[in-house]
Amino acid sequence: MSKVLQSQGYALRRFLPIAALVIGVGMASSSHAAGTVVNVSLWDKGAEMPMATDLGFPGAGKDMSKATMGIAVSVDTVSAGETTFEVLNSSKESIHEMIIARIRDLTRFLPYISSESRVDEDRMPDVLGEVSELEPGKTGALRFDLTPGKYLLFCNVPGHFVSGMWTIITVK
Ligand SMILES: [Cu+2]
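The model shown is predicted, which means the values in this text are computed figures rather than measured ones.

Reading the values: rules and limits
- Residues numbered from 1 in each chain as written.
- Predicted model: local features only at pLDDT ≥ 70, side-chain atom pairs only at ≥ 80, totals over all residues.
- Heavy atoms only, no water.
- Phe/Tyr/Trp six-rings, centres within 6.5 Å; stacked < 30°, edge-to-face > 60°.
- Pairing = 2+ DSSP bridges.
- Helix = DSSP H or I, 4+ residues; strand = E, 2+ residues; numbered from the N terminus.
- Axes fitted to C-alpha atoms, helices over the stretch in contact; angles between N-to-C directions.
- Donors = N, O, S within 2.8 Å, 3.2 Å for Na, K, Ca; no water.
- Tetrahedral: all angles 85-135°; square planar, octahedral: opposite > 155°, others 65-115°.
- Core = buried A, V, L, I, M, F, W, Y, C linked by side-chain atoms within 4.5 Å.
- Buried < 20%, exposed > 50% of the residue type's maximum accessible area, 1.4 Å probe, protein only.
- Contact = heavy atoms within 4.5 Å.

S.K.: Got a minute to help me understand the packing of aromatic side chains in this structure?
M.R.: Here a ring pair, both rings aromatic, is described through the centre-centre distance and the interplanar angle of the planes. Taken as a whole and assessed by the stated rule, the structure comprises four aromatic pairs. Ring pairing ties together the aromatic residues Tyr-112, Phe-154 and Phe-161, which thus form one cluster.

Structure follows, in C-alpha cells:
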C-alpha cells in the first residue's frame, strides 16, 4: 500500500506490514518529497509542566487548550496520494514519537494499557507506521500513498497520548 521512510537508527516495529526503507535524516528534506508534504512538530511546554491525564482521543467535549504537549501540523487536510510527513521533535528536553493510524470510527476509544499509560498499538488494526522515539531536535520522515479517510497522529511515549499528544489529518 505504501512506502515507509524512517530515520536511521529508529527501530522498525514488528507491526509494520509494509515494505520499509531506511534512509538518512538528511535525505528527508522536502526537495526529495513528491506529492504533499505535511510538516509535523512534536511540541511540549517543558518537562516541568503538569501533564493532563484525560485529553486522549477522541477529543469530543475535551478542552485541548489545557494540553501541555501536542502535535502541530502544517496542514490538516490533504489530497489522496503520496504524502510525506516530515516530523520534528521541537521539545528541548523530552523524547517524542509519531505514530500514524487510520481511524474508521471517530467516536471510538483506542485500546489502552492503563498500567503503562499508553495506547496498545499492537491491537490497532490500521497502524501505517511511525517515527519512533526522536530525541529533542531530531527529525524523521514517513511517506505513504494515502487513501481518503481520517488518520490519527499520536505520540505513544508513556503518558503523552492522554495528555493530548495527538491530532487528526483528513485525506480527501
Ligand atoms: Cu510525546
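Here the narrative resumes, following the displayed structure.
S.K.: Sorry, what's going on with the sheet that holds strand 3 (residues 36-44) here?
M.R.: Hydrogen bonding along the main chain pairs the strands of a sheet, whether they run parallel or antiparallel. Strand order in the open sheet formed by four strands is 4-3-6-11, and the pairing between neighbours is mixed. Looking at strand neighbours, the two that pair on one side only are strand 4 (69-73) and strand 11 (139-146), the edges of this open sheet. Each adjacent strand pair in this sheet contributes to an overall mean axis angle of 20°, direction not counted. With seven bridges connecting them, strand 3 and strand 6 (residues 81-89) associate as parallel partners. Bridge pairing in strand 6 places Leu-42 opposite Asn-89.

S.K.: Can you help me understand the coordination of the copper ion in this one?
M.R.: Ideal geometry at a metal centre gives angles of 109.5 degrees when four donors are arranged tetrahedrally and 90 or 180 degrees when six donors are arranged octahedrally. Those protein atoms acting as donors to the copper ion are His-96 (ND1), Cys-155 (SG), His-160 (ND1) and Met-165 (SD), and they sit at 2.0 to 2.6 Å. If you look at the copper ion, its four donor atoms make angles of 87 to 136° with each other, and the shape they trace is irregular. Binding-site remark: the copper ion is held by donors from one chain whose sequence spacing is H-x58-C-x4-H-x4-M.

S.K.: What is the right way to look at the nonpolar core in this model?
M.R.: Taken as a class, soluble globular proteins show a tendency for nonpolar side chains to be buried jointly. Within the largest apolar cluster, 23 residues are counted, with the highest numbers of intra-cluster contacts made by Val-40, Phe-85, Met-98 and Ile-100. With residues up to four places along the chain from it excluded, the contact list for Phe-85 reads Val-38, Val-40, Met-98, Ile-100, Gly-140, Ala-141, Leu-142, Phe-144, Leu-146, Leu-153 and Ile-169. With 13 residues, the next largest nonpolar core counts Phe-57, Ala-101, Leu-110 and Leu-152 among its residues.

S.K.: Would you explain the sheet that holds strand 7 (residues 96-103) in this entry?
M.R.: Spatially, the five strands line up as an open sheet ordered 5-13-12-7-10, and their pairing is mixed. The sheet is open, and its two borders are formed by strand 5 (77-78) and strand 10 (127-134), each paired with just one other strand.

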